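Structure at a glance
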Amino acid sequence: MVGSMTSAEAVIDPIRYLEYQCFKLSLAAAAGTNFKLFISFDMSWGLDVTKLAAFLAPYAIQSTYYKVNSQAFVSTFTGGTISNAQWDSGFIQPMYSIYGIKPFFVPDFDDFSGYPKSVFNSYPILNGVFSWESAWPAPGNTPANVSSLVDSAALQQARAARKLYMMPISPLQFKYMGSGQNWYRVGEVNLPQRMAQALQLQPDFLEIITWNDAGESHYVGNFWQDQIAGSNIGDYANGYDHKGWLQVITPFIKAYKAGATSISQIIPPGTRPVGAFWYRPLLTTASCSSSIANYQSARDAVNFAIILPSTGYTIKVYSNSKLIGSFVGQKGLNYNSVLGLAVGSGQMIQVVDDSNNVAASATGTKSVLAQSLNATCNWNYEVVGLS
């Protein structure tokens, strides 16, 4: 660990000190670009509200910190059991009276009783709200599609209060750290389903959760070994590259910012198909599966999200080198979860044109196993982008 810890950093979260150091470096690296960053406080760690302003102020004044209407954007994970008065006197007011900074406060208050009903009446300080749990189906014992009911209700509450709503998008949740921390939240085609819901609902902000969280497997970019040191996260995250999802996320972001309302309006950056496919290299029937909470909700499937420039394409899905599904492609985003994942190698997807020429393809690097070879029941996804 490099550098020294300030008193504010030590009080807030010494365990996550390295993440804050990375945030400092990221702010500096963003200089001269249009890229902005903001802080989301993890209140589940019991952070002291009265210490947040002193911690945030040095970052919020920088040009690379994200601002809305010249106000510093701030979010949280939970915090809805802390009263409006406590947030106001402990954080909002000191930010302005001591540091001259007005926060634009859009926290995740999923833990507020009855959320999102009456959240804006109970918290006049809010500029908006963010949801976290609505990014995935509720925990359960059967396969389920993600719902947008919480997002729709929160958006309605925000509109009525003339405030804003930030909607979450995520591929999955998978964690295997023992001591009650082994769980799965449906991820087969959760990512493209949330994209479709977001375009339909048109929230004010979207947050992809999360870009680099190796611990819960919903990373879509790099994660660093320093952040998982001293844990067993590497047992299920190392060697599992999720960058293929960026081929789907990047065009989606562009479409959302352009006001698209349908997945048919998500288009590739060029004339070729882009996208990814993903699968688990361990069948759900493995004997270790019962050690994972909600394991019954998973399916043995090859999943894909492919963005096509036009009609005239067919999407072919293979497992163990056998064709398990063929789909007529439509312009825009196409996605599906194809049952039939089988033990062996040869997980592949092909996009063929109307002349049966392969326009794009992707091949998995990991064979599918019937049983785990070690103590880790790894349900992380092998994600491969088209090439």
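Quick caveat, the model's predicted, so the values are computed rather than measured.

Here the focus is the state of the cysteines. A covalent bond between the sulfur atoms of two cysteines is referred to as a disulfide. Scanning the entire structure with this criterion turns up one disulfide. Linked covalently through their sulfurs, Cys288 and Cys377 form a disulfide whose S-S length is 2.1 Å. Judged by the torsion about the S-S bond (70°), the Cys288/Cys377 disulfide is right-handed. With Cys288 in the loop between strand 10 (274–279) and strand 11 (301–308) and Cys377 in the loop between strand 16 (358–363) and strand 17 (382–385), this residue pair connects regions lying 89 residues apart in the sequence. By relative accessible area, which is 19% here, Cys288 ends up buried.

Before going further, it helps to examine the packing of aromatic side chains. One pass over the structure, following the stated rule, counts 28 aromatic pairs. An aromatic cluster of at least three residues, connected via ring pairs, comprises Phe23, Phe41, Phe55, Tyr59, Tyr65, Trp87, Phe91, Phe105, Phe109, Phe112 and Tyr123. Here the guanidinium or amino end of Arg280 rests over the ring plane of Trp379, the centre of that ring lying 5.0 Å away.

Turning our eyes to something else, we now look at the pairing of strand 13 (residues 322–328). Examined bridge by bridge, strand 12 (residues 314–319) and strand 13 share six bridges and lie antiparallel to one another. Directly across from Lys316, in strand 13, lies its bridge partner Ser326. Taking the residues between adjacent antiparallel strands as the criterion, strand 12 and strand 13 are bridged by two residues, where Asn320 takes a positive phi near 50°.

Before going further, it helps to spend a moment on the sheet that holds strand 10. Read from one edge of the open sheet, four strands run 14-11-10-17, paired in antiparallel fashion. On the outer flanks of this sheet lie strand 14 (332–339) and strand 17, each paired with one strand and no other. The sheet shows a mean angle of 10° between the axes of neighbouring strands, taken without regard to direction. As judged from the eight bridges shared by strand 11 and strand 14, these two strands associate in the antiparallel manner. Across the sheet, the residue bridging to Val302 is Val338, located in strand 14. Across the sheet, helix 7 (residues 190–201) lies against strand 10, strand 11 and strand 14, angled at about 145° from strand 14, the strand it touches most. Here helix 10 (residues 246–257) sits on the sheet and contacts strand 10, strand 11, strand 14 and strand 17; the angle it forms with strand 10, its principal contact strand, is near 135°.

This part covers the pattern of salt bridges. When charged atoms on two side chains of opposite charge get close, those side chains can pair. If you walk through the whole model with that rule in mind, you get five salt bridges. Between Arg159 and Asp204 there is a salt bridge whose closest N-O contact spans 2.8 Å. Of the two residues, Arg159 is situated in helix 6 (residues 149–161) and Asp204 in the loop between helix 7 and strand 9 (205–208); the sequence distance between them amounts to 45 residues. A relative accessible area of 28% places Asp204 in the partly exposed class. Where Arg280 meets Glu188, a salt bridge forms, and the shortest distance between an N and an O atom there is 2.8 Å.

Turning next to the nonpolar core. Counting 84 residues, the largest nonpolar core has Trp87 and Phe91 as the members making the most contacts within it. Among the elements that make up this core, the one with the highest residue count is helix 3 (residues 52–60) (seven residues). Contact partners of Phe91, with chain neighbours within four places excluded, come to Val49, Leu52, Ala53, Leu56, Val74, Gln86, Pro103 and Phe105. Listed in part, the 19 residues of the second largest apolar core include Tyr279, Leu283, Phe304 and Ile349.

Between helix 7 and helix 10, the shortest axis-to-axis distance is 11 Å and the interhelical angle comes to 5°. For the element pair helix 7 / helix 10, the angle class is roughly parallel. Only Val248, Ile249, Phe252 and Tyr256 of helix 10 make contact with helix 7, whose side of the interface consists of Leu191, Met195, Ala198 and Leu199. Across the contact of helix 7 with helix 10, the residue classes break down as eight nonpolar, no polar and no charged.

Reading the values: the criteria
Residues numbered from 1 in each chain as written. Predicted model: local features only at pLDDT ≥ 70, side-chain atom pairs only at ≥ 80, totals over all residues. Heavy atoms only, no water. Disulfide = S-S within 2.5 Å. Helix = DSSP H or I, 4+ residues; strand = E, 2+ residues; numbered from the N terminus. Buried < 20%, exposed > 50% of the residue type's maximum accessible area, 1.4 Å probe, protein only. Phe/Tyr/Trp six-rings, centres within 6.5 Å; stacked < 30°, edge-to-face > 60°. Lys NZ or Arg CZ within 6 Å of the ring centre and 35° of its normal. Pairing = 2+ DSSP bridges. Axes fitted to C-alpha atoms, helices over the stretch in contact; angles between N-to-C directions. Contact = heavy atoms within 4.5 Å. Salt bridge = Lys/Arg side-chain N within 4 Å of Asp/Glu carboxyl O. Core = buried A, V, L, I, M, F, W, Y, C linked by side-chain atoms within 4.5 Å. Parallel < 35°, antiparallel > 145°, perpendicular 65-115°, else oblique. Nonpolar A, V, L, I, M, F, W, Y, C, P; charged D, E, K, R; others polar.

So far we have only geometry, and geometry alone does not tell us how the molecule works.
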